[in-house]
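The chain contents come next:
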Amino acid sequence: MIYSKNTIKNISESIGIPKLKDGITTAMAQDVEYRLHEIIAEAMKFMRHSKRTKLTVTDINSALRVRNVEPIYGFETGRPIKFHKATAGLEDIYYVDDEQIGLDTLLEEPLPSMPLDTVYTAHWLAIEGVQPRIQQNPIPIDEESGDAAAKKPAKIQRQDGVDTIPLVKHVLSKELQLYYECITESLQSSDPVVKSTALESISIDAGIHQLVTYFVQYVAVTVKNNLHNLEVLKTTMAVARAIRRNPNLFIEPYMHQLIPSLLTCLVSKQLCESYTEDHWSLRDGAAAQISEICQQFGQTYHTLQARIARTLLRAFLDPTKALTTHYGAIVGLTKLSTNIIQVLILPNIKTYMSLLDVEMEKDNPQLVHDGQHCRDALLNALRVLTSSYSDLEPVNLTHIQKNKLADVVGNTLAGIVYADAEGGKIMAAVAAASQEANSQSA
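This report concerns the structure included in the present document. (Residues numbered from 1 in each chain as written. Predicted model: local features only at pLDDT ≥ 70, side-chain atom pairs only at ≥ 80, totals over all residues. Heavy atoms only, no water.)

Concerning the overall build of the chain
No. 1: The helix and strand tally for the chain stands at 19 helices and 4 strands.
No. 2: When the 442 residues of the chain are sorted by exposure, 33% land in the buried category.
No. 3: Considering only intrachain contacts with a sequence separation of at least 6, the fraction spanning at least 24 residues in the chain is 59%.
No. 4: For the chain, the exposed surface amounts to about 29,000 Å²; the carbon and sulfur share of it is 55%. (Helix = DSSP H or I, 4+ residues; strand = E, 2+ residues; numbered from the N terminus. Buried < 20%, exposed > 50% of the residue type's maximum accessible area, 1.4 Å probe, protein only. Contact = heavy atoms within 4.5 Å. Areas by Shrake-Rupley, 256 points an atom, 1.4 Å probe, with all protein chains shown as cover.)

Some thoughts on the side chain of arginine 375
No. 1: In this structure, arginine 375 sits in helix 16 (residues 365-385).
No. 2: With relative accessibility at 17%, the residue arginine 375 sits in the buried group.
No. 3: Here arginine 375 is in contact with Met353, Leu356, Asp357, Met360, Thr412, Leu413 and Ile416, once residues within four sequence places are set aside.

Here we look at helix 18 (residues 411-419)
No. 1: For helix 18, the set of buried residues is Leu413, Ala414 and Val417. Taken down its axis, helix 18 places every buried residue within 105° of arc, on the same side. Opposite the packed face of helix 18, turned more than 90 degrees from it, sit the exposed residues Asn411 and Ala419. (Arc of directions from axis to C-beta.)

What about unusual backbone geometry?
Trans peptide bonds make up the majority, and among non-glycine residues the majority have a negative phi.
No. 1: For lysine 19, which is not glycine, the phi torsion reads 55° and is therefore positive.
No. 2: Here lysine 19 is to be found in the loop between helix 1 (5-14) and helix 2 (22-49).
No. 3: Residue lysine 19 is classed as exposed on the basis of its relative accessible area of 80%.

This is the structure:
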């Protein structure tokens, strides 16, 4: 043992406890040694986290504070501790030598100089992304290394009419640069085989980690600049899907940049030149991707689905928005979950249908066309709702049941449900959901 029984006896006699038994001193010595090992092990953790190889008094005090023990006073990290040996009988005793300071010597020493007053000055840290070469700023790393090529001014990039200087230099190998250029050119090709090959490469390649931020930026810029080009938007959504489904890429840090592009393709007013084009499939695909993102990252980011649902609900209930926006909001809410349908869509269907009926009565073929898709989206939402009530028996399709359904979803949609093949299941699910909502509100 590093802590002997005689030491325990000496300490006990110094505090007035004489003649301890050998068994007690042995047990106490072992316990003290165990406690010392614990404190030293804890202090070494602080030493390693501080990137040091020498254990200091500060580490010991930090370990004691962690264990709610009062720290040691009178010792400093910067002052070396010198122990002196004194022989007493058969044992060696070590003690710390206290330096004796003469009072006369202390009084004769000159007084220390007065401390300087605190002064604050202001200087430019950076001007338009360029660090001025002044004394207060640190020397750039490129100048310290003496790299003449790195001293060239940063290349100015122009975005949205504003000249910007990139603050971070991304270093890509020539192979990755060629790969990115080849992929982007292939995505713009009119040959579907070339496009599918490029998308497959993005979805399975394992060596494109450094290109993730470039592909995410490509998606955002392409969606922004081609809002009325349906084919380009479909290809861009396919790129977003390929990036997310690549098991070798860590896409989580870029979700906040990818979701706005998906929402744009979901609820944008116009995504093509003519209303007869199939932009509905693009909105359906964007809604499916948003639903997959919520399922994949919903446990990590608990407010993600709620924030997206709030955005879609605002678009759904805004009467000034276009019917295409309403369609995207309905499809997006439907894809999120059946609970979203029950809580957000079902209580607002009747009010929305009264607005939709007025719009479809206007002499405008586009409004009629878009309104029909909105009706179909609402009907599909009710069909999805039946999955939560699969154990219910379908109700009989009677006029009484139709009137009850009309009180919840409006006369027009109630008639559509009444004529649907799954009308009995839908009526049973809507009745059960309405009863649950009434019981919760009561």
